[in-house]
Amino acid sequence: MVEDDDVDAMGIERAFKKLRIANSLIRARDGAEGLEMLRNNTLDKPFLILLDLNMPKMSGLEMLKELRNDPKLTGTIVFVLTTSEDDNDKISAYKEHIAGYIVKSKMDSGFTELLHLLDHYWRIVEMPMNYD
């Protein structure tokens, strides 16, 4: 999870616990920290990223561009999780080959609904163990 908002991060963590999702959840507070974690191989594969767009230091869109330009990270599966409903943000994110664009305010039952979606995705979709 690349998320600068503590309240949203705690909500996602609570939803993980509530749904008893066994996958580990690791948080970076901005795009630069997230890239550093990925480039230093501190994460077990396979993984997917929940990416906020509006963050300090390095925005989500800037991080996406870096991911897609890095041969070792270009195949990373990313779901955007943001407050932005701006069509330009959606278009920019989908141009960087995201798996989905989710607006936080449209989740009626909070992050539980999101994690149900991601849990089903994780169980159904085949992901490579190695992106190199």
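Up top you'll find the structure we're talking about.
About the criteria used
Residues numbered from 1 in each chain as written. Predicted model: local features only at pLDDT ≥ 70, side-chain atom pairs only at ≥ 80, totals over all residues. Heavy atoms only, no water. Helix = DSSP H or I, 4+ residues; strand = E, 2+ residues; numbered from the N terminus. Buried < 20%, exposed > 50% of the residue type's maximum accessible area, 1.4 Å probe, protein only. Pairing = 2+ DSSP bridges. Right-handed = clockwise from strand over helix to strand, strands pointing away. Expected span 1.5 Å × (residues − 1). Arc of directions from axis to C-beta. Contact = heavy atoms within 4.5 Å.

> Outline unusual backbone geometry, supporting the account with residue identities and numerical values.
Its identity is not glycine, yet Lys57 carries a phi of approximately 70°, on the positive side. Relative to the helices and strands, Lys57 is located in the loop between β1 (48-51) and α3 (60-69). Lys57 gets classed as exposed once you look at its relative accessible area, which sits at 73%. Look at His97: it is not a glycine, yet its phi comes out positive at around 60°. Within the secondary structure, His97 sits in the loop between α4 (87-95) and β3 (100-103).

> Before we move on, can you summarise the pairing of strand β2 (residues 77-82) with the specific residues and values?
Along β2, 6 of the 6 residues are buried, which leaves the element largely enclosed by surrounding structure. Looking at chain direction, β1 and β2 are connected through 4 bridges and run parallel. Residue pairing for β2: Leu50 is matched across the bridge by Phe79. Viewed along the sheet, the connection from β1 through α3 into β2 turns out right-handed. Bridging between β2 and β3 involves 4 bridges; their strand directions are parallel. Residue Val80 lies in a different strand from β3, and its bridge partner there is Tyr101. The parallel pair β2 and β3, bridged by α4, forms a crossover whose chirality is right-handed.

> For helix α5 (residues 111-124), give the residues involved together with the corresponding values.
Taking 1.5 Å as the rise per residue, α5 with 14 residues should run 20 Å; its terminal C-alpha atoms sit 20 Å apart, in good agreement. What α5 keeps buried is the set Phe111, Thr112, Leu114, Leu115, Leu118 and Asp119. Buried residues along α5 cover an arc of 150° about the axis, so they all sit on one side. Residues of α5 that are buried make contact with α1 (6-18), β1, β2 and β3.

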